[in-house]
Amino acid sequence: MAGSETHGARAVRVTPEEVRRLCEFLYRRTGMLFNDNKRYYIDRRLIERIAATRSASFQAYFAILRSDVDHEIEHLINAFTVNETYFNREEHQLRCMTSVLLGNVIRRKPPGGAIRIWSVPCSTGEEPYSIAIWLMENWSHVDSYNIEIVGSDIDTRALKAAANGVYGERALMRLSRDVINRYFRPVADGEYQIDSGLRDSIQFTRANLIDAQDMARYRDFDIVFCRNVLIYFDDASRRIAAENLYDCLGPGGYICLGHSETMSRISPLFRVCRFPDAIVYQRPEADHDGH
Amino acid sequence: MPFVKRDVTARSKDGRPPDDNLASHVAALNSPDGETRWSAARALGGRADAVPALAAALAAEPVARVREAIMTALIRVGDEASVMALLPYLRSQDAALRGASIEALQALPEAILPFMTSLLADSDSDVRLLATELARNMSAADATRILCRLLEHERHPNVCAAAIDVLAEVGTREAVPALQSCAERFAGTPFLPFAASTAIARISDTER
């Protein structure tokens, strides 16, 4: 049992059965699997959400959750995942990009052809800049191709911050001092601005993943990073977003999702590719007829 | 810097405005080219007047991804006719198609509600079993009411087990008598009383 005073609300206790019920819901919804050895972690977050929604009981909270009142699913998932954005987050996918994905991409390209990479949603820009820096530091063919990196988000305030490219030390925690010195300059106490050359190299645009007309502007990408957003959508929106993303990729293009997402839960349109550094999803190069 | 910056919107500026002509999209659903059929299905999403054409196309479509797009288009309409277009595939011999139709129908919990009584009374136990899964996304009250009514008379243990599994997640305390009675009826099939007791424990613990 767990329970505590949270946000001044009456203490709500959760039972093992209630926690199991929540975990099953969370698993079905996101693929995130929690078992009894994480009880303290789960209880704490669950009790926080019960208090935050002013629910009188688990049952009342579970009803709010299942109906997704005030985007409660998003709040709960946020409580269970690390939402902080920082440079080189999920570095294994960046490693996968340079160790496998780009090799496969350039096999289909003419010498010196263009490689298109899309970060959506890009929030305040950490991900597209991380991709650029990672390529500069880790891909030997970086100067042999024209590489186009686009960062898109639905939030125009985030896009403005991305274009400005100023970050606190915490966002840079995964970067070596060497890399920081090469690509950033200090602008204020504990704040750094990314190199102007890099800022000018990346295009930031507004995009809505579930708006087909909006997404029709984005085509022929070779790699798309689309992390930690699809799990927040309802079934219908998730299908629409997956179909839009399919159209945004070129045949054989790859999509990288967040660690708590699997495309098999989201759409059968993509093929699962298991590489040593990461599991990514691929738009097949051709359709296969039949059932 | 090896990076180039291009105006992503330039591609669309060259293009024509989206074609919203129903007849041309409906005709394109019969194109021999899968890409054309895919685009047509996507363009018809949410158009109630396209449901008959989408339903006909779904019946003939050989490419899985185009079928997905047709089903998404029907979900976006989400009316009674869309549900009726999806329902036949619960009986498909193709497991992938059956699974796809369940997922599509689950996305329409309110539209599917009026069909649940007949689905759960279907003469095919596989259809009844799959129909229990459709209750999972419904409101707790609706799911409990529908599945308890099923448990009162259902004779197939696997259908009961499927209903109990859904009730364990979404059921309310109103389900307890039906679960108890089902456990008694199937006392000779040990896994069912066990499943019912697990569901009762979960529901009762949740609703102390």
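Overview of the interface of chain B and chain A
So, point 1. The interface is formed by 50 residues belonging to chain B together with 57 residues belonging to chain A.
So, point 2. Approximately 4500 Å² of surface area, both sides summed, lies buried where chain B meets chain A, with 50% of it carried by carbon and sulfur atoms.
So, point 3. Connecting chain B to chain A are six salt bridges.
So, point 4. At the boundary of chain B and chain A, one finds 20 residue pairs in polar contact (both at pLDDT 80 or more).
So, point 5. Of all the elements in the fold, those that place two or more residues in the side of chain B that touches chain A are α1 (10-14), α3 (34-43), α5 (64-77), α7 (95-106), α12 (157-170) and α14 (191-206) of chain B.
So, point 6. If one sorts the elements of the side of chain B that touches chain A by residue count, α5 of chain B sits on top with eight residues.

Focus: the packing of aromatic side chains
So, point 1. Taken as a whole and assessed by the stated rule, the structure comprises 12 aromatic pairs over all chains.
So, point 2. Ring plane angle 80° and centroid distance 5.4 Å describe the contact between Phe-87 of chain A and Phe-184 of chain A, whose orientation is recorded as edge-to-face. One end of the pair, Phe-87 of chain A, is in the loop between α4 (72-80) and α5 (91-107); the other, Phe-184 of chain A, is in strand β4 (residues 184-188), with 97 residues separating them in the sequence. In this structure, Phe-87 of chain A and Phe-184 of chain A share a single accessibility class: buried.
So, point 3. Directly above the aromatic system of Phe-221 of chain A lies the positively charged group of Arg-116 of chain A, at a separation of 4.3 Å from the ring centroid.
So, point 4. Over the face of the ring belonging to Trp-38 of chain B we find Arg-65 of chain B, whose NZ or CZ atom lies 4.6 Å from the ring centre.

Remarks on the environment of Phe-191 of chain B
All names here are of chain B.
So, point 1. By secondary structure assignment, the location of Phe-191 is in helix α14.
So, point 2. When its relative accessible area of 40% is taken as the criterion, Phe-191 is described as partly exposed.
So, point 3. The sequence separation of Phe-191 and Tyr-89 amounts to 102 residues, and the corresponding C-alpha distance is 30 Å.
So, point 4. Setting aside residues no more than four positions away along its own chain, Phe-191 makes contact with Pro-157, Asn-158 and Ala-161.

Some details on the sheet that holds strand β2 (residues 146-153) of chain A
Residues and elements named next belong to chain A.
So, point 1. Spatially, β6-β2-β1-β7-β8-β10-β9 is the arrangement adopted by the seven strands of the open sheet, whose pairing is mixed. Both outer strands of the open sheet, β6 (202-206) and β9 (271-274), are each paired with one neighbouring strand and no more. For this sheet the average axis-to-axis angle between neighbouring strands, irrespective of direction, equals 25°.
So, point 2. Pairing of β9 with strand β10 (residues 279-282) involves four bridges; the strand directions are antiparallel. Residue pairing across strands places Val-272 opposite Tyr-281, the latter belonging to β10.
So, point 3. Contacts between helix α7 (residues 156-164) and the sheet are confined to β2 and β6, with β6 contributing the most and set at about 170° to the helix.

A closer look at the side chain of Ser-125 of chain B
Residues and elements named next belong to chain B.
So, point 1. Summarising the element assignment, Ser-125 is placed in helix α10 (residues 125-134).
So, point 2. Ser-125 sits in the buried class, given a relative accessible area of 17%.
So, point 3. Ignoring anything within four residues of it in the chain, the contact list for Ser-125 reads His-156 and Val-159.

Regarding the sheet that holds strand β3 (residues 166-168) of chain A
In any sheet, the strands associate via hydrogen bonds between backbone groups, in a parallel or an antiparallel arrangement.
Residue and element names in this part refer to chain A.
So, point 1. Ordered in space as β3-β5-β4, the three strands form an open sheet in which the pairing is antiparallel. Two strands close off the open sheet at either side, each with one partner strand: β3 and β4. Direction aside, the axes of adjacent strands within the sheet are offset by 40° on average.
So, point 2. Across four bridges, the pairing between β4 and strand β5 (residues 191-194) is antiparallel. Bridged to Phe-184 within β5 is Ile-194.

What counts as what
- Within each chain, residue numbers correspond to sequence positions counted from 1 in written order.
- For this description, chains carry letters from A and ligands carry numbers from 1, given in the order in which they are written.
- At least 70 in pLDDT is required for a residue's local features to be given in this predicted model, at least 80 for side-chain atom pairs to be given and counted, and no such filter applies to totals for whole chains, interfaces and linings, which use all residues.
- Hydrogens and water molecules were not included; the side-chain quantities draw on all heavy atoms of the structure.
- Here, residues are in contact when the closest pair of their heavy atoms is within 4.5 Å.
- Buried area: the sum, over both parts, of the accessible surface (1.4 Å probe) that disappears when the two are put together.
- Whenever a carboxyl oxygen of Asp or Glu lies within 4 Å of a side-chain nitrogen of Lys or Arg, that contact is scored as a salt bridge.
- For the purposes of these results, a polar contact is taken to be a pair of N or O atoms within 3.5 Å, where, inside protein, one atom must be able to donate a hydrogen and its partner to accept one; residues adjacent in sequence count only when each atom of the pair is a side-chain atom.
- Helix numbers and strand numbers start at the N terminus; a helix is a DSSP run of H or I with at least 4 residues, a strand a run of E with at least 2.
- We call Phe, Tyr and Trp rings a pair once their centres come within 6.5 Å, taking the six-membered ring for Trp, and we label the pair stacked below 30 degrees between planes, edge-to-face above 60, and tilted otherwise.
- Relative accessible area decides the class of each residue, using a 1.4 Å probe on protein chains only: under 20% of the type maximum gives buried, over 50% gives exposed, and in between gives partly exposed.
- Ring-over charges, as used throughout, are those where CZ of Arg or NZ of Lys falls within 6 Å of the ring centre and within 35 degrees of the ring normal.
- For two strands to count as paired, DSSP must find a minimum of two bridges between them.
- Orientation is described by lines fitted to C-alpha atoms, with helices fitted over the stretch in contact, and by angles between N-to-C directions that extend from 0 to 180 degrees.

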